[in-house]
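Okay, here's what each chain looks like letter by letter:
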Amino acid sequence: MKKIIIAIDGHSSTGKSTLAKQLAEHLDYIYIDSGAMYRAVTLYAIENGFISSDGFDKIRLIQSLSGLHIAFKKDSSNNVALFLNGQLVSSKIRTMEVSNMVSQVAALPEVRKCLVKEQRLMGLNKGLVMDGRDIGTVVFPDAELKIFMTASAKTRALRRFDELSNGDASIDYKTVYENIIFRDKKDSSRKNSPLLKAKDARVLDNSKLDQQAQFKLVLSWVNECKKETP
Ligand code: DC
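Below you will find a few notes about this structure. Since the structure is predicted, the reported quantities are computational estimates derived from the model, not experimental observations. (Residues numbered from 1 in each chain as written. Predicted model: local features only at pLDDT ≥ 70, side-chain atom pairs only at ≥ 80, totals over all residues. Heavy atoms only, no water.)

1. A short note on the site of the ligand
Taken together, 17 residues sit near the ligand, with Arg39, Arg112, Asp134, Arg183 and Arg190 positioned nearest. Contact distances for the ligand include 2.9 Å between an oxygen atom and a side-chain N or O atom of Arg112. The contact in question runs from an oxygen atom of the ligand to an N or O atom on the side chain of Arg133, over 3.0 Å. A total of 450 Å² of accessible area belongs to the ligand in isolation, and the protein chains cover 96% of it. Contributions of two or more residues to the shell around the ligand are made by helix H2 (34–47), helix H4 (96–106) and helix H8 (173–189). The element contributing the most residues to the shell around the ligand is H2, with four residues. Of the residues belonging to the shell around the ligand, the class tally is four nonpolar, five polar and eight charged. (Near = heavy atom within 4 Å. Polar contact = N/O pair within 3.5 Å; in protein donor to acceptor, adjacent residues only side chain to side chain. Areas by Shrake-Rupley, 256 points an atom, 1.4 Å probe, with all protein chains shown as cover. Helix = DSSP H or I, 4+ residues; strand = E, 2+ residues; numbered from the N terminus. Nonpolar A, V, L, I, M, F, W, Y, C, P; charged D, E, K, R; others polar.)

2. Re the sheet that holds strand E2 (residues 30–33)
One open sheet accounts for five strands, arranged E2-E8-E1-E9-E10; its pairing is parallel. If you trace the sheet from one side to the other, it starts and ends with E2 and strand E10 (202–205), each paired once. Taking each pair of neighbouring strands and ignoring which way they run, the sheet shows an average axis angle of 20 degrees. Taken together, the five bridges between strand E1 (residues 5–10) and strand E8 (residues 128–132) define a ladder with parallel strand orientation. Residue pairing in the sheet places Ile6 in a bridge with Val129 of E8. On the sheet, H2 packs against E2 and E8 and is oriented at approximately 45 degrees with respect to E2. (Pairing = 2+ DSSP bridges. Axes fitted to C-alpha atoms, helices over the stretch in contact; angles between N-to-C directions. Contact = heavy atoms within 4.5 Å.)

Nothing here speaks to function; it is all geometry.
Okay, here's the thing in structure tokens:
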């Protein structure tokens, strides 16, 4: 049976990456977290002083894009690790500082153009699961399976809070909830590639679905799409 492209879009903390990873492992496909790529560019902008709470020097970031190299590699435990110009940044891109600034960076058309180009190259041989905000609408409009994931803001904030607060008392739920609402608004209202459900995407609301039931449902979609693919 032919390999397909699976595009998973949706709001933050809907469990896109968990599902995408599960699928990639089960199908022996490549998994790409496109949000991590936007986070890596944001980290680069922070570390080079292009963005801070005082302002954003967009021009300098845009001028530096050609010198930025993002790569996903599997580590010894088979986990996918993210490297920015050769430096391991998988943990650094998950801080609140990056989360608070990533929407501004992701709204820049020049950044999107550069990352979309990279993402399309990753899909040349199919056998790919990619999650993000514009995968089914912009990056792979012809993906064989498109999934749009959703869940209530409260459910999502609780999930992100659990992830972030692990041993860190400085993280409070209210800040995490506000960050989710802020990013939802930014991601859905930006001019360039806003978060939209592709017309042909299948909606997956997992507010009340457990992971096992969700995976079973999605696998049935995968099998349908594979049958339809010549
Ligand atoms: O999935 P995430 O929360 O790690 O994504 C980080 C940010 O990147 C989020 O604010 C939305 C943005 N993003 C995007 O604009 N387009 C994508 N394809 C993926 C993420």
